[in-house]
Amino acid sequence: IDSCIELVNVRDGKIQNCTFKNGYKAIHVKPVNTTHQQHVNKIIIDKNKFYNNSYCLYADKHTEFTQAFTTGDIHFTNNQAYDTKITHIHLLGIDGIIISNNTLFFPGYPLKDTNKKHNIYADYCTWVIISSNNLFESGEDGIVLRHFQNANITNNNIVWSGQSKISNAITLIDGDISNNI
């Protein structure tokens, strides 16, 4: 299964109390050929369970346009993920996201999984809150923010990062660190 749910031109939605199994991108914000601002915004993703997906939430942006923030105002809260294959949350071009109170697991170290990357990865992001999560066994950095501003990362348990290569719990690249990091 490529995507369990695809989001295109969606606003004011809720994905709650669902179970996602064996998808490549369980919830996928698809790229859209548009120069408009956000085509997906005000989405609540709450109290879901993810099993054996490559990505739990994957937000794409169209590469031919300069609009950096095609997705906005997402709440990813109170979710549980088990045996994720690549990255739990992968975001490209996001204007506002709250990631809180989640428990996100990769396959354990004894399996020697070399495909697992990050618990949370965001590139071109603003108004990011990552708090009170339990993030386990990433292959590389637990949390990565690139080209970011207005980020707040607090009270997370980031356990056993860097299982594929020596890495940091949190990595910040090309951003504004004047807020609560």
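Definitions and cut-offs
Residues numbered from 1 in each chain as written. Predicted model: local features only at pLDDT ≥ 70, side-chain atom pairs only at ≥ 80, totals over all residues. Heavy atoms only, no water. Helix = DSSP H or I, 4+ residues; strand = E, 2+ residues; numbered from the N terminus. Buried < 20%, exposed > 50% of the residue type's maximum accessible area, 1.4 Å probe, protein only. Areas by Shrake-Rupley, 256 points an atom, 1.4 Å probe, with all protein chains shown as cover. Lys, Arg positive; Asp, Glu negative; His and termini not counted. Charge placed at Lys NZ, Arg CZ, Asp CG, Glu CD. Salt bridge = Lys/Arg side-chain N within 4 Å of Asp/Glu carboxyl O. Phe/Tyr/Trp six-rings, centres within 6.5 Å; stacked < 30°, edge-to-face > 60°. Pairing = 2+ DSSP bridges. Axes fitted to C-alpha atoms, helices over the stretch in contact; angles between N-to-C directions.

Student: Even after reading the chapter, I still don't get the overall build of the protein chain, so can you show me in this structure?
Tutor: A count of helical and extended segments in the protein chain gives zero helices and 16 strands. If one aligns the C-alpha atoms of the protein chain with their principal axes, the spans along those axes are about 45 × 40 × 30 Å. When burial is assessed residue by residue, the protein chain has 51% of its 181 residues classed as buried. Entry remark: accessible area of the protein chain is about 8400 Å², with carbon and sulfur atoms responsible for 47%. Across the protein chain, the centroid of the 15 positively charged side chains sits 6 Å from that of the 16 negatively charged ones.

Student: Got a minute to help me understand the pattern of salt bridges in this structure?
Tutor: It is possible for side chains bearing opposite charge to pair when their charged atoms get close. Across all of its chains, the model carries four salt bridges by this definition. One salt bridge in this structure joins K42 and D12, with 3.8 Å as the shortest N-O distance. Taken together, the residues K42 in strand 5 (residues 40-46) and D12 in strand 2 (residues 10-16) connect sequence positions 30 residues apart. K42 gets classed as partly exposed once you look at its relative accessible area, which sits at 43%.

Student: Help me understand the packing of aromatic side chains, please; the structure alone is not making it clear to me.
Tutor: The description of two aromatic rings rests on the distance between their centres and on the angle between their planes. The tally for this structure, following the rule as stated, stands at eight aromatic pairs. Plain terms: the ring middles of Y55 and Y58 are 4.8 Å apart, the flat faces sit at 80 degrees to each other, and that makes the pair edge-to-face. Both residues of the pair, Y55 and Y58, belong to the buried class. Seen in terms of ring centroids, F136 and W160 are 6.4 Å apart; in terms of plane orientation they differ by 45 degrees. Their pairing is tilted.

Student: Help me understand the sheet that holds strand 11 (residues 103-105), please; the structure alone is not making it clear to me.
Tutor: Backbone-to-backbone hydrogen bonds join strands into a sheet, with any given pair of strands oriented parallel or antiparallel. Pairing in this open sheet of six strands is parallel, and the strands run 3-6-9-11-13-15 from one edge to the other. Each edge of the open sheet carries a strand with a single partner, namely strand 3 (19-21) and strand 15 (157-159). Each adjacent strand pair in this sheet contributes to an overall mean axis angle of 10 degrees, direction not counted. Where strand 6 (residues 49-51) meets strand 9 (residues 80-82), three bridges bridge the pair, whose relative direction is parallel. Along strand 9, the bridge assignment pairs K49 with Q80.

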